[in-house]
Amino acid sequence: MAEMDEREETSRAMEEQIYWNQFESTKHHFFQIMANSNSELRVPKKFGMKFPMKLGETIKLRGPTGDIWRVKVVKTEEDVLLRKGWPRFVYDHLLNEYDLLVFRYTGSSSFDVSIFDRNACVKDLRMLQDRFESKPHFFKVMNQEFRSKLVSY
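Please read all numbers here as calculations on a predicted model, not as lab measurements.

(A) Structural context of the pattern of salt bridges. Tallied over the full model, the rule gives eight salt bridges. Here Arg104 and Asp112 are joined by a salt bridge, their closest N and O atoms 2.9 Å apart. Through salt bridges with shared partners, one network takes in Arg42, Lys45, Glu78 and Asp79.

This is how it looks when you write it as structure tokens:
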């Protein structure tokens, strides 16, 4: 029995080493389930410990609509937290408790974020684009200029 546990542990350690050291970094994902707090998001410890050198002080999150949000990263001895800018991402995507977010690292401190509702279905965010499209032309132009600055920032 002890020999089986030792082999299993060795196998897990090898899988982990291959995952972190031999896969392209753009293949790395993590997920989080939204809790009560919308002021910050805690990056899973394992991901935060393996990726601190790749996460700058600010990361870019590309939401399902293709827009980009800049979010400040706070690193403590124990955690990596997403703070300033995170509440806006939550608000803009109408995130609720138990929504599931999948973060896919795309390189250069950037992530694509997929959002699923509490029923495990992709959250329908078309209404966000509809809301944007229904604004007067002046606001559409201003918002497009603002968004292009965010992308190039």
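There's plenty left to go through after this.
(B) Up close: empty space enclosed by the protein. Throughout the structure, instances matching the rule amount to one cavity of 30 Å³ or more. Empty space within the largest cavity amounts to approximately 30 Å³. Around the largest cavity sit Phe30, Val43, Leu55, Ile59, Val73, Leu82, Phe103 and Phe111, which together line it. Looking at the lining of the largest cavity residue by residue, the class counts come to eight nonpolar, no polar and no charged.

(C) Up close: the pairing of strand S7 (residues 110–116). Where burial is concerned, most of S7 is hidden: five out of the seven residues are buried. Summarising the sheet, strand S3 (residues 58–62) and S7 pair through three bridges and their orientation is parallel. In the strand pairing of S7, Lys60 is matched with Ser110. For strand S6 (residues 100–107) and S7, the ladder comprises seven bridges, and the chain directions are antiparallel.

About the cut-offs
Residues numbered from 1 in each chain as written. Predicted model: local features only at pLDDT ≥ 70, side-chain atom pairs only at ≥ 80, totals over all residues. Heavy atoms only, no water. Salt bridge = Lys/Arg side-chain N within 4 Å of Asp/Glu carboxyl O. 1 Å grid on protein atoms, 1.4 Å probe; cavity = no way out; pocket = protein on both sides within 12 Å on 5 of 7 lines; lining within 4 Å. Points joined across faces, edges and corners; volume = space filled by probe spheres on them. Nonpolar A, V, L, I, M, F, W, Y, C, P; charged D, E, K, R; others polar. Buried < 20%, exposed > 50% of the residue type's maximum accessible area, 1.4 Å probe, protein only. Helix = DSSP H or I, 4+ residues; strand = E, 2+ residues; numbered from the N terminus. Pairing = 2+ DSSP bridges.

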